[in-house]
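Given next are the chains, with one letter for each unit.
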Number of protein chains: 4
Amino acid sequence: MKAAVLMGPDRIELKEVQTPIPGPADVLIRVEACAVCSSDLSLMAKPWPGQPSYGEFIPGHEYAGTVVALGETVDEFRVGDRVAVEAHLGCMRCRNCRLGNYTACLNYGKKGHRANGFTTNGGYAQYVINHVNTVYPIPDSVRFDEASLITNLGCVLYGFETAGGYIVGDQVVVIGPGPLGLISVEVAKALCAQRVFLVGTRASRLEVGRNLGADRIIDIHQENAVQVILEETKGMGADLVIETSGSAEGPQMAIAMARRMGKILLLGFPEEPVNADFSLLGKNNKHLYTVRGEGWTNCGRGVSLLASGKVNLKRLVTHSFALGDISDAFRTFRERLGGAIKVVVEPQKV
Amino acid sequence: MKAAVLMGPDRIELKEVQTPIPGPADVLIRVEACAVCSSDLSLMAKPWPGQPSYGEFIPGHEYAGTVVALGETVDEFRVGDRVAVEAHLGCMRCRNCRLGNYTACLNYGKKGHRANGFTTNGGYAQYVINHVNTVYPIPDSVRFDEASLITNLGCVLYGFETAGGYIVGDQVVVIGPGPLGLISVEVAKALCAQRVFLVGTRASRLEVGRNLGADRIIDIHQENAVQVILEETKGMGADLVIETSGSAEGPQMAIAMARRMGKILLLGFPEEPVNADFSLLGKNNKHLYTVRGEGWTNCGRGVSLLASGKVNLKRLVTHSFALGDISDAFRTFRERLGGAIKVVVEPQKV
Amino acid sequence: MKAAVLMGPDRIELKEVQTPIPGPADVLIRVEACAVCSSDLSLMAKPWPGQPSYGEFIPGHEYAGTVVALGETVDEFRVGDRVAVEAHLGCMRCRNCRLGNYTACLNYGKKGHRANGFTTNGGYAQYVINHVNTVYPIPDSVRFDEASLITNLGCVLYGFETAGGYIVGDQVVVIGPGPLGLISVEVAKALCAQRVFLVGTRASRLEVGRNLGADRIIDIHQENAVQVILEETKGMGADLVIETSGSAEGPQMAIAMARRMGKILLLGFPEEPVNADFSLLGKNNKHLYTVRGEGWTNCGRGVSLLASGKVNLKRLVTHSFALGDISDAFRTFRERLGGAIKVVVEPQKV
Amino acid sequence: MKAAVLMGPDRIELKEVQTPIPGPADVLIRVEACAVCSSDLSLMAKPWPGQPSYGEFIPGHEYAGTVVALGETVDEFRVGDRVAVEAHLGCMRCRNCRLGNYTACLNYGKKGHRANGFTTNGGYAQYVINHVNTVYPIPDSVRFDEASLITNLGCVLYGFETAGGYIVGDQVVVIGPGPLGLISVEVAKALCAQRVFLVGTRASRLEVGRNLGADRIIDIHQENAVQVILEETKGMGADLVIETSGSAEGPQMAIAMARRMGKILLLGFPEEPVNADFSLLGKNNKHLYTVRGEGWTNCGRGVSLLASGKVNLKRLVTHSFALGDISDAFRTFRERLGGAIKVVVEPQKV
C-alpha cells in the first residue's frame, strides 16, 4: 500500500509499504480521510515520546474509512462497515485504564497501549489497523471527511462530561476560535447552554463561530473580554469557561471569567509556565478541569451527535488533498491558506 | 457585656457593649473560646470587603460556647446546649445558596448573608448571636477550645468532600504544616488514606505532623519534595495533593506531585499571581479543586469526627488567653511564640 | 380579587377574597395562566398533609403571570416582569435545604417552608404571592400558558440532572405518555439522546409523543415492550429508563428494560406497594433514582430551554378556561375530554 | 497438582490435575487459603451461566496465596509476592469495561472475560492462574486466610463508593449480620459514620456485629426496626441503609428506614420478586444503588484498609479445613456449625 512515512525531521515521503495485518481484536481499515492536527506538525518537527523511528513511522490520528478485514475474535464489526476512530487504546491493565480512564493510560507506548499516529502507525496511509476499542460505526449520512474530525468532537465532549455534562440554561464562554473552540461552541449550543460567548483575536474565525451558533463574539483587540463577560452576566461571571487557545493569557483569562463556584475547562494550554492568580480561583471556589484526548467513549457519543445533525463538522473541513499532496496539506493547515480550518488528506487518492 | 472592638487599623480594645438580641431564627451564645485565625490579623490590619466600621466591629469567627437564649422560631436547640459554630450564613436566595453552596453566597454582606467575625460581629465577646444554620451541638466530651477549631476541620472536610471524599488506600500529599495542613493530615488518615506525606520547611511543625499521623515528612530544605513523592509512588505521583501553604511555590509543587488523572486541592494560595505549568496539568489530566470556607454542613460532620476521637484538635491548641489579654493572643499567634499553633481567647475570663 | 377557594371535598367555588400582600422577600404576581395537575384533583378529593382549611385554601401550583408588587428587599425583579414559578420554597434551615435539596425540605409546611397550592395559597386566583426563590423571568417570546407548565419541565429536568444529566448518544426509554412522559421525550431529544422509545397504551397519546420526537413508539397492547427494547439495543437494554406512568407494572418494566449498569428514573410510581425483581436490579448493577418536585433551580433552566425553542410545551396545552369555568377545566382534564393533555385556567378571565 | 473438581451436582472431588500455565499477562499463584462463599453452594447445586462442564471445573473465587510464576509481559509482580485476588476480569472491550465497570462486563464468559471460580477455574486447588488485573500484593502483616476475604471487603467498599463514599458523621443502618453485613459495619465505622445500626434476627451474630463496632443492634424479633431507626434519628431516617440480608423483607425495610433524600445500597437481594412501596421511595426522593462484585479496584483499597488494622477480617474466619476436607468445609459453612461465619480451605494441606 501507499503511505506517508516520516523519514526525518519535517520530512514525510510517500512510500510503498507492507499492508498491515490485524491482530485478534483488530480491524483493518481502508482510510478514506485523515485530518491534519497541529500535533502532527509538532511531532514531525521533533519526535514525541514513544514515537517509532524515522523510516518506519506513519503519522495521522484523525481518520475514517471502511473496514476491510477482521481479526479472529472480532464480531463487533463486519467487512464493509463505515467507521470513525479514536487515537487511544489503553493498556487496559494499569490503574487508570482499569477505572475507565484509558486516555490517561500509565503505560504509554507499552504493554499493549497504542496511540495510533503517535506510538503506532496512523492514517496517512491507504490502510491502517485499529483495535476494536477504537472504532465506531458511522451511518451513511455521515461523510468520511467530517467523520475524520470525530476525535476533535470526542475530545470536546469528554471535556463537557468531565465538567459535569449538564449545562441547560448555563452561560458558557469559549476562548479561542480554533477547531476545538469552534466545536466547543457547537456542543455548548447542542447541550442547551443559554448563551455561548466566543473570545478570540481573528475576526474571520469569530465570524465562523457566530455562524456555528455563538451568541456573542468578543474580539479581544476590540473589547476587554473579562469585562464583557462580567457585564453580560450581571457581574456574576460565566458558569463554564472553556479555554482552547493555548495562549499564555488563556488560563488567567479563564479564571477571571468564571463565576464564584464556576468551572474552568482547559482544552488548550501554553507549553511554558505562565502567571495565574490562584487567589482568585481559591477565594471564589472555582474548579479547574482538564482532559487528555477523547476519553470515556465520547467518540461514539460524537458519532451520534454528528448523525443527528445537531453538530456540523463539515463546515470546518475547508480543504482536502490527495495523499501524494500531503505536504501541501500540511502547509495549507500550518499557514491557514485560504482560511483553512481543518485540512483533510484522502489516502485513496494518490 | 465585654467585647474586643476594632477601633482602627490593628487597634482592638476591650469595651463594654450592649449584649445582642437574637432574631427569630437565631440563638444567643455565651462564648467560651474563640480561636485566632490568620484572617483576623489580615482584617485588623486592613478592612476586608463588607466589614463593619471601626468602633462597631467585633472580630472572631472560630468560637464555641453555650446557648443562653433562643429566637422565637428556634426549636433546634435548647438553652444550655454546648455548641460550635461556622462562620457563614448564606443569603439563602442567590443561585449558589439555593444549590447548597452557601459559603460561596453571591450576596456577600447583603440580603441576610452574614459572615460572623467578617461582616457581622464575631466571637471575641462574651456573647454573640448566630443563626441556627451556623450552630452545631457538641457532646460533653468535646472541650470548648478544641470545638472552637471546628471551622478549620469543617474547611478541611469540605475540601475532601469537594475532591470526591473517598480516598481509601490512596496516596495523599499535604503541603504546609500550618493548622489546615496538620488537620488535613489527620483527616486523610481518618478517611483511610494509605500513606500521607507532609511537606514543609520547619522541622518542629513537621514533627507535630508526624505525631498526628503523617507517614512520611519531607523537609524541602533537605529533600526535593517532588522527587521524593515520585520515588515513593513508583513514578506515578500522588492521588491527591492538598496545598495549604499559600506559598508562591505551592501551586506548581502541587501540580508536579499529582499523578496522571490525580487531584489537587487548594486550601491555601498565594495572594499574588504566580507561575504554574498548565501544560503539566493539561497533558496529564489533573484536576484542581478549591473550597471557600467550611461548606456543605461539614462543621457538623467535623463535630462527629471530633467526638469519635479519630481527629484530635486539642494538640493544636497550644495557648490560651483571657479576653483582656487578646493582644497577647494575637502576638503569640503571629510570632509563633512558644511554638504556637492555634491560640485561643477565653471571653468569660476578663 | 377573585379566587377559586376549596370549600370542602371536591367543592371549589369562585369567591371574592383579599388580595395578598407580599412579605419582604416576596413578589405579588397577577396570574395569567394556571395549569391543572393531577395532584390538584387528588388534594381536592382528600386533603394532603399541611393543607390549609376548607374555606381558606386556594389550590393551583403551576402558574405564570406578571409581577405587580415587590417586597421591600426585592431587587431581583421589577414590576412588569413576566414570570413563571416553581411550587416549593424550602425552609432553608433544615439539612436538606442547606445542601440545596429544597424540594425535599424536612420542615414541610413549617418554619417558612411553603408549597404554593399545597400548604399555602396558589394560582387559581387573580393574584398570588411568591418568594423570590420560586420566581423566574420569562422572555416575551414565551406565552403564559406554556410558561405555566414550567414546573413539569423543571421536574423532568431535575430528573435528568439527578440521573447524571449527560446522555449524548444514549438509548432512552420513557414509559407513560402523560404530560411528564411527553416532556421527558422532548428533553431526552433536546439533550441529544440517540434514540428515544415511548411506551404506552393509548395510540393517540403515543402519536403525540412521536410528533414530539420519540423515535419509536411501543403500544404495550400490541407489542412486548421489554422484548422490543432488548431487540432494539442488541440485547443490552436501555441506558436510561424513565418511568412516568405510575402504573403497578411500571417499576418492574423499567427494571427489566435498563441495561447492565443502566439507570432507572422514577417520575411516577404506584401509590400501593407492588412486586419488583430486586435480583434483576442487583445482579445487573442498575441504579434507581427518584425526584421530588422541580429542584436544583431546574425551573430556571427550563425557561431557557423553552425560550430556545428546543422544547415545545404549547402543543401540550390543549384547552383553556376562564377562572369562572374552573370546574369545567377539572372535568376536561380528568376525563381527557377532547384529547385533553394539559388544561389551563386563566384567572384574569372571569 | 491437587484440586477440588466439580464432578456433578453437589459432587466435588479431590483430583490430580495438570498445573495451569500462565498466559502472557497472568501470574501463577500457589493458593494458601480459599474461602467458602454462598455462591459456591449455589453453583455446585445447579450450574451458573458460563460455568465449565462437570469434570473440568474447579470452583472457589475468594483466595490468596503466593506468586510462583509470571507471564512473559508481567513486571507488576515478582515470584514470591504474597497476593490477594478479585474474581472478575472484564473483557476490557465492551462498553462497560471500557468505562471502568469491569465487574458488569457485557461479555460475561466470552472474549477474554474471566470470573475465576465461576467461568474459569478457581482457588480450590493448589495452583491457579490470575490475570494481573485481578491480583493485589499484600504485606506480610496480613494473613492469607483474612486476605482470602478481600473480595468481600472489596464488594462492600465498592458499594460505599457507589453510594458516594463520603459518610463522615452520617447515620448508617446495616440490615443482615452475614459476612457482607458485618464487614459493612466495620467499613462504615472506618469511614467515620457517626452511628451504625445493625439489624438482624440472630442474637449471636448481632453480638459479633457489636464487637466489630455497631453502635446499636436491633433484633427484629424483639423490636420494630423501622420504628427504632426513626426514633433514633429524630424521625428523619438514616442517611444510608445497606441491605445485605437478601430476605424478602429487606428491600422494603431499607426503603422505609432511609431518610428523605437518603440512600439505599443493595448488597443482597431476594431471588424472587417481592413487594416494595415505590411511592415511599419516590415521594421522599430516596435513591437505590446496587453493586455487582468488587469493582473499581476496591480490592486494592481493601488490602490497604486491612493492612492499616482499621478493618479486621480475622475475626470472621471461624474455621479452616485442609483441601481434602472440603466437603466438611462446605457443610460447616452451610449449616453454620460451631457459629461458623467464614470458612477457609487451605489447599496446601491435603
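Cut-offs used in this document
Residues numbered from 1 in each chain as written. Chains lettered and ligands numbered in written order. Predicted model: local features only at pLDDT ≥ 70, side-chain atom pairs only at ≥ 80, totals over all residues. Heavy atoms only, no water. Contact = heavy atoms within 4.5 Å. Buried area = accessible area lost by both parts, 1.4 Å probe. Salt bridge = Lys/Arg side-chain N within 4 Å of Asp/Glu carboxyl O. Polar contact = N/O pair within 3.5 Å; in protein donor to acceptor, adjacent residues only side chain to side chain. Least-squares fit on C-alpha atoms with pLDDT ≥ 70 in both. Helix = DSSP H or I, 4+ residues; strand = E, 2+ residues; numbered from the N terminus. Buried < 20%, exposed > 50% of the residue type's maximum accessible area, 1.4 Å probe, protein only. Pairing = 2+ DSSP bridges. Right-handed = clockwise from strand over helix to strand, strands pointing away. pLDDT = per-residue confidence, 0-100. Phe/Tyr/Trp six-rings, centres within 6.5 Å; stacked < 30°, edge-to-face > 60°.

1. Some details on the interface of chain B and chain A
Interfaces are frequently sized by the accessible area removed from exposure as the parts join. Contacts between the two partners involve 41 residues from chain B and, on the opposite side, 41 residues from chain A. Counting the surface lost from both chain B and chain A, the interface buries some 3,500 Å², and carbon and sulfur atoms represent 56% of this. Our count for the chain B to chain A interface comes out at six salt bridges. For the interface between chain B and chain A, the tally reads 26 residue pairs in polar contact (both at pLDDT 80 or more).

2. Things to note about the relation of the copies chain B and chain A
For the pair chain B and chain A, the superposition axis carries a translation of 0.0 Å, the fit reaches an RMSD of 0.0 Å, and the rotation angle comes to 180 degrees. Here the symmetry operator amounts to a two-fold rotation axis. By C-alpha distance to the rotation axis, the residue of chain B lying nearest is Asn275 of chain B, at 2.1 Å. The share of interface residues of chain B whose copies in chain A are also at the interface is 100%, consistent with both copies meeting through the same surface.

3. A few points about the pattern of salt bridges
Tallied over the entire structure, the rule returns 96 salt bridges over all chains. Taking the shortest distance from any N to any O, the salt bridge between Glu16 of chain C and Lys2 of chain C comes out at 2.7 Å. Note that Glu16 of chain C is positioned in strand E2 (residues 11-16) and Lys2 of chain C in strand E1 (residues 2-8), a separation of 14 residues in sequence. The exposure class assigned to Glu16 of chain C is exposed, which follows from its relative accessible area of 55%. With relative accessibility at 28%, the residue Lys2 of chain C sits in the partly exposed group. With a shortest N-O distance of 2.7 Å, Arg195 of chain D and Glu232 of chain D are connected by a salt bridge.

4. Here's the deal with the side chain of His131 of chain C
The residue His131 of chain C is located in strand E8 (residues 127-131) in this model. For His131 of chain C, a relative accessible area of 15% corresponds to the buried category. Not counting residues up to four positions away in its chain, the partners in contact with His131 of chain C are Arg93 of chain B together with Ala25, Asp26, Leu89 and Arg114 of chain C.

5. Some points on the pairing of strand E5 (residues 82-85) of chain B
Residues and elements named next belong to chain B. Across the two faces of E5 the burial is the same, with Arg82 and Ala84 and Val83 and Val85 all buried. Where strand E4 (residues 62-70) and E5 come together, three bridges link them in antiparallel fashion. Bridge pairing in E5 links Thr66 to Arg82. As paired strands, E5 and strand E9 (residues 135-137) are joined by three bridges and run antiparallel to one another.

6. A word on unusual backbone geometry
Located in the positive-phi region is Asn285 of chain A, a residue other than glycine, with phi close to 60 degrees. By the secondary structure assignment, Asn285 of chain A is in the loop between helix H9 (278-283) and strand E16 (287-290). A relative accessible area of 1% means that Asn285 of chain A is categorised as buried. At Thr297 of chain C, a residue that is not glycine, the phi angle is positive and equals roughly 55 degrees. Inspection of the secondary structure assignment puts Thr297 of chain C in the loop between strand E16 (287-290) and helix H10 (298-308). With a relative accessible area of 10%, Thr297 of chain C lands in the buried category.

7. What to know about the pairing of strand E14 (residues 258-266) of chain D
All names here are of chain D. For E14, a buried count of eight out of nine residues is recorded, marking the element as mostly surrounded by other parts of the structure. Inspection of the sheet shows strand E13 (residues 238-243) paired to E14 by five bridges, in the parallel sense. Note on E14: the bridge partner recorded for Leu240 is Lys263. Between the parallel elements E13 and E14, the chain passes through helix H8 (residues 250-257) in a crossover that is right-handed. With four bridges connecting them, E14 and strand E16 (residues 287-290) associate as parallel partners. Bridging from a neighbouring strand, Ile264 pairs with Leu288 of E16.

8. Concerning the confidence of the model for chain A
Averaged over all residues, the pLDDT of chain A is 97; the fraction at 70 or higher stands at 100%. Quick note on the complex model: pTM equals 0.98, ipTM equals 0.97.

9. Here we look at the packing of aromatic side chains
Residues and elements named next belong to chain B. Tallied over the entire structure, the rule returns 16 aromatic pairs over all chains. Ring centres of Tyr124 and Phe330 lie 5.6 Å apart, and the angle between their planes is 85 degrees; this geometry places the pair in the edge-to-face category. With Tyr124 in the loop between strand E7 (114-115) and strand E8 (127-131) and Phe330 in helix H11 (residues 326-334), this pair connects stretches of sequence that are 206 residues apart. A residue is classified by how much of its surface remains accessible, and Phe330, at 3% relative accessible area, is buried.

10. Concerning the side chain of Arg98 of chain C
Structurally, Arg98 of chain C is set in helix H2 (residues 95-98). Note on Arg98 of chain C: relative accessible area 6%, which makes it buried. Among the polar contacts listed, one links the side chain of Arg98 of chain C to the backbone oxygen of Asn133 of chain B, at a separation of 2.8 Å. When near neighbours in sequence (up to four residues on either side) are disregarded, Arg98 of chain C contacts Glu86, Met92, Gly100, Tyr102, Asn133, Tyr136 and Thr297 of chain B together with Met92 and Arg93 of chain C.

11. Quick word on the interface of chain B and chain D
Listed as interface residues are 19 residues of chain B and, on the opposing side, 19 residues of chain D. Around 1,600 Å² of area is buried between chain B and chain D when both sides are counted, 57% of it from carbon and sulfur atoms. A per-residue breakdown of the area chain B buries against chain D is headed by Tyr166, Val168 and Arg301 of chain B, which together make up 43% of the total. In this structure, the connection of chain B to chain D is made through two salt bridges. Where Asp170 of chain D meets Arg301 of chain B, a salt bridge forms, and the shortest distance between an N and an O atom there is 3.1 Å. Linking chain B with chain D are twelve residue pairs in polar contact (both at pLDDT 80 or more), by the criterion used here. Those elements that provide at least two residues to the side of chain B that touches chain D are helix H4 (150-162), helix H5 (179-190) and helix H10 (298-308) of chain B.

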